[in-house]
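# Report on the structure
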Amino acid sequence: MPAQRTDFDTPWKNIFDSHFQDFMEICHPTVAREIDWSKGYELLDKELSAITKDAESGNRRVDKLIKVWRKDSQEALVYFHVEIQGQRQKMAVFQKRMFVYHYRLFDRYQMPVVSLALLIDDQPKWRPSAYEYALWGCKLQFNFVMVKLLDYKDKEGELFASTNPFALVILAHLAYLKTKKDAQERLFSKFFLTRRLYDKGWDKTAIIKLYDFIDWILELPEALEVEYNNQVNDFEQEKKMKYISSYVRICIKDDRRSLLQHQLQRKFGAIPTNYQKRIARADAEELFTLLENVIFASNIKEVFVKQSVTTQSCEHVYE
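## Focus on the confidence of the model for the chain
Per-residue confidence for the chain gives a mean pLDDT of 80, with 79% of residues at or over 70. Looking over the chain, one finds the lowest element-wise mean pLDDT in helix α14 (residues 309–318), namely 36, and the highest in strand β6 (residues 138–143), namely 96. Note on residues 307–319: pLDDT under 50 across the span, and 13 contacts to partners over four residues away in sequence or across chains.

## Details of the packing of helix α3 (residues 45–52) against helix α4 (residues 91–109)
The interhelical angle for the contact between α3 and α4, taken along N-to-C directions, is 110°, at an axis separation of 10 Å. Taken together, the axes of α3 and α4 lie roughly perpendicular to each other. Two secondary-structure elements touch here, α3 through Glu47, Leu48, Ile51 and Thr52 and α4 through Tyr101, Arg104, Leu105, Arg108 and Tyr109. For the contact of α3 with α4, the class distribution of residues is 5 nonpolar, 1 polar and 3 charged.

## A look at the packing of helix α6 (residues 165–178) against helix α8 (residues 204–217)
It is the contact of α6 with α8, at a shortest axis distance of 9 Å, that shows an interaxial angle of 10°. Comparing the axis directions of α6 and α8 gives the class roughly parallel. Facing α6, whose interface residues are Pro165, Leu168, Val169, Ala172, His173 and Tyr176, α8 presents Leu210, Phe213, Ile214 and Ile217. Residue composition of the contact of α6 with α8, by class: 9 nonpolar, 1 polar and no charged.

## A short note on the nonpolar core
Inside soluble globular proteins, nonpolar side chains tend to come together where they are buried. The biggest cluster of nonpolar side chains holds 55 residues, and the ones touching the most others in it are Trp12 and Leu197. Within the residue set of this core, elements represented by two or more residues are α1 (9–27), β2 (64–69), β3 (77–85), β4 (113–119), α6, α7 (183–199), α8 and α9 (222–239). Broken down by element, this core gets its largest block of residues, 11 residues, from α6. Tyr275, Leu291, Val303 and Phe304 belong to the second largest nonpolar core, which has 14 residues in total.

## Let's talk about the pairing of β2
The buried fraction of β2 is high, at 6 of 6 residues. Going residue by residue along β2, you find Lys64, Ile66 and Val68 tucked away on one face and Leu65, Lys67 and Trp69 tucked away on the opposite face as well. Across 2 bridges, the pairing between strand β1 (residues 42–43) and β2 is antiparallel. Within the sheet, the bridge partner assigned to Glu42 lies in β2 and is Lys67.

## Some details on unusual backbone geometry
Phi at Gln110 is positive, roughly 50°, even though this residue is not glycine. Relative to the helices and strands, Gln110 resides in the loop between α4 and β4. Gln110 gets classed as exposed once you look at its relative accessible area, which sits at 53%. Positioned with a positive phi, Trp136 is a non-glycine residue whose angle comes to about 55°. If you trace the backbone, Trp136 turns up in the loop between β5 (130–135) and β6. Take Trp136: its relative accessible area is 83%, and that puts it in the exposed class.

## Quick look at the pairing of β5
With 6 bridges connecting them, β5 and β6 associate as antiparallel partners. From the neighbouring strand, Leu135 faces β6, where its bridge partner is Cys138. Adjacent in sequence and paired antiparallel, β5 and β6 are bridged by 2 residues, among which Trp136 carries a positive phi angle near 55°.

## Quick word on the pattern of salt bridges
Inspection of the entire model under this criterion finds 11 salt bridges. With its nearest N and O atoms 2.6 Å apart, the salt bridge here joins Asp45 to Lys64. In this pair, Asp45 sits in helix α3 while Lys64 sits in strand β2, placing the two residues 19 residues apart along the sequence. The partner of Arg70 in a salt bridge is Asp72, and the shortest N-O contact between them spans 2.4 Å. Overlapping salt bridges, with partners in common, bring together Asp17, Asp45 and Lys64 in one network.

## Considering the side chain of Glu225
With respect to the secondary-structure elements, Glu225 resides in helix α9. Residues in contact with Glu225, not counting those within four places in the same chain, are Lys190, Asp215 and Leu220.

## Quick look at the environment of Asn164
Relative to the elements of secondary structure, Asn164 occurs in the loop between α5 (156–161) and α6. With 36 residues separating them along the chain, Asn164 and Lys200 place their C-alpha atoms 9.1 Å apart. Excluding residues that lie within four positions of it along the chain, Asn164 makes contacts with Asp22, Glu25, Ile26 and Trp202. One polar contact links the side chain of Asn164 to the main-chain carbonyl oxygen of Asp22, over a distance of 3.1 Å.

Conventions adopted
- Residues numbered from 1 in each chain as written.
- Predicted model: local features only at pLDDT ≥ 70, side-chain atom pairs only at ≥ 80, totals over all residues.
- Heavy atoms only, no water.
- pLDDT = per-residue confidence, 0-100.
- Helix = DSSP H or I, 4+ residues; strand = E, 2+ residues; numbered from the N terminus.
- Contact = heavy atoms within 4.5 Å.
- Axes fitted to C-alpha atoms, helices over the stretch in contact; angles between N-to-C directions.
- Parallel < 35°, antiparallel > 145°, perpendicular 65-115°, else oblique.
- Nonpolar A, V, L, I, M, F, W, Y, C, P; charged D, E, K, R; others polar.
- Core = buried A, V, L, I, M, F, W, Y, C linked by side-chain atoms within 4.5 Å.
- Buried < 20%, exposed > 50% of the residue type's maximum accessible area, 1.4 Å probe, protein only.
- Pairing = 2+ DSSP bridges.
- Salt bridge = Lys/Arg side-chain N within 4 Å of Asp/Glu carboxyl O.
- Polar contact = N/O pair within 3.5 Å; in protein donor to acceptor, adjacent residues only side chain to side chain.

Written as structure tokens, this is what we have:
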């Protein structure tokens, strides 16, 4: 079975930061046409956290608050409250939370608030969309916008044909839901979607951002991850566009560098300047050797010998 991540907040928050307009144009096109995108949009996550941190109903976290400008008035502002709900919970709890956040935002800004719930769960019948109560002739009804990614599974052909980057985001999440119990199918889907990144003519920055999302959502077992990386490397050599493979090597190198620094400080204390410089210019292979050396070295100098400490130890045994 494929590896299963539990943290979806990180990739979804990152993708909204850079692709909010793309999301709106696919998932809420009527509203997207009313927004003046030439003015950009403003991320208000810190402000949102301050407003909702003491809310009493359910989860205290709200994922995105985004300010946009409407076409019908330069001074009118709309605050988008976006809820990414990946795990099913009690309908009443979720709907009340959407209402609580909505009225707090309206009370704070005295501006129109559009609350939008993006549901990324795998339950077709779970569709919260309103909160209401009535008592003694007093009635309240609050309807919010609901977008269910499962509704796009019958539109995969349109999504593949689309030049909107968020179409690939939806396809990646649908692939995650579809391949929860099939690692080989996930490998196929992940590589297929990765190839599509290059077919759309997007620049390197856009490709890397979308790759980060695909890589996070479609996590593979270690052996299949190696196979996937080899497939990507071969494909990029054909295309002569080594965007992803170069990016992966840099990430691996940076991870090893950070780990080496942590291990050295933990075992030997402060790292002398000359060794810091050595770490900074080391390539991925050398960093791996240095990490091995830390395990067997009795002092920091032994870590940075030219030959692996493990190799030297073995040679000493057979002398």
